[in-house]
Amino acid sequence: MIVLKGALAQEKQETKEMLHIYKRYTRGKASKDEMKIANEQFVDLIKGLGIGIVAVLPFAPITIPVVLKLGKWVGVDVLPSSFYVKDDSNK
């Protein structure tokens, strides 16, 4: 539960940053790098909404692991990036 709380807190912060960048973009003050970051966070937000929809379906304790396994098998990250452990050993 602590890991989930931390991941949700990180998503909240990243979403606030995304909205701030989009606000700056509407004024013509956001760079392409900032827009790339904001768009990546928007994709994470959509992923979170998608898994939230699956969570309210009947048999969610069964369907969520199946969806995650199927996504891994196909090569698609189903969960937002903050739910994955980052490997900094390559840096």
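Computed from a predicted model, the values in this text were never measured in an experiment.

> Tell me about a nonpolar patch on the surface, and name the residues and values.
A surface patch of nonpolar side chains, about 480 Å² in accessible area, is lined by L70, W73, V74 and V76. Tracing the sequence through the fold places V76 in the segment after helix 3 (60–74).

> Could you give an account of the nonpolar core, with specific residues and numbers?
Counting five residues, the largest nonpolar core is built from M18, I21, A30, M35 and A38. Mapped onto this core, the elements with two or more residues apiece are helix 1 (2–26) and helix 2 (32–55). Apart from the residues lying within four places of it in its own chain, the contact partners of A38 are M18, I21 and Y22.

> Go over the layout of surface pockets, please, and point to the residues and values.
Approximately 190 Å³ is the volume found for the largest pocket. If you go around the largest pocket, the residues you meet are L4, L8, E11, T15, D44, L45, G48, L49, I51, L79, P80 and F83. Listing elements by their share of the lining of the largest pocket, those giving two or more residues are helix 1 and helix 2. The element that contributes the greatest number of residues to the lining of the largest pocket is helix 2, accounting for five residues. A class-by-class count of the residues in the lining of the largest pocket yields eight nonpolar, two polar and two charged. As a volume, the second largest pocket reaches approximately 160 Å³. In terms of lining, the second largest pocket is formed by ten residues, of which the most central are E14, I37, E40, Q41 and D44. Contributions of two or more residues to the lining of the second largest pocket are made by helix 1 and helix 2.

> Requested: an account of the environment of I21, with residues and values cited.
Within the secondary structure, I21 sits in helix 1. Note: C-alpha distance between I21 and G52 (31 residues apart in sequence) is 25 Å.

> Explain the side chain of E11 residue by residue, including any values.
Assignment of secondary structure puts E11 in helix 1. Excluding anything up to four places from it in sequence, E11 contacts Q41, D44, P80, S81, S82 and F83.

> Run through helix 2, naming residues and quoting values.
Residues three or four positions apart in an α-helix share a direction because the helix packs 3.6 residues into each turn. Between its first and last C-alpha atoms helix 2 spans 35 Å; for 24 residues at 1.5 Å apiece the expected length is 34 Å, and the two agree. Looking only at helix 2, the buried set comprises M35, A38, Q41, D44, I51 and V54. Buried residues along helix 2 sit against helix 1 and helix 3.

> Kindly report on the pattern of salt bridges, identifying the contributing residues and their values.
Enumeration over the complete set of coordinates arrives at one salt bridge. The residue R24 makes a salt bridge to E34 at a minimum N-O spacing of 2.8 Å. Of this pair, R24 sits in helix 1 while E34 sits in helix 2, and the two are ten residues apart along the sequence.

So, how was this worked out
- Residues numbered from 1 in each chain as written.
- Predicted model: local features only at pLDDT ≥ 70, side-chain atom pairs only at ≥ 80, totals over all residues.
- Heavy atoms only, no water.
- Patch = residues over 30% accessible without salt bridge, like charges linked within 9 Å, V, L, I, M, F, W, Y side chains within 5 Å.
- Areas by Shrake-Rupley, 256 points an atom, 1.4 Å probe, with all protein chains shown as cover.
- Salt bridge = Lys/Arg side-chain N within 4 Å of Asp/Glu carboxyl O.
- Helix = DSSP H or I, 4+ residues; strand = E, 2+ residues; numbered from the N terminus.
- Core = buried A, V, L, I, M, F, W, Y, C linked by side-chain atoms within 4.5 Å.
- Buried < 20%, exposed > 50% of the residue type's maximum accessible area, 1.4 Å probe, protein only.
- Contact = heavy atoms within 4.5 Å.
- 1 Å grid on protein atoms, 1.4 Å probe; cavity = no way out; pocket = protein on both sides within 12 Å on 5 of 7 lines; lining within 4 Å.
- Points joined across faces, edges and corners; volume = space filled by probe spheres on them.
- Nonpolar A, V, L, I, M, F, W, Y, C, P; charged D, E, K, R; others polar.
- Expected span 1.5 Å × (residues − 1).

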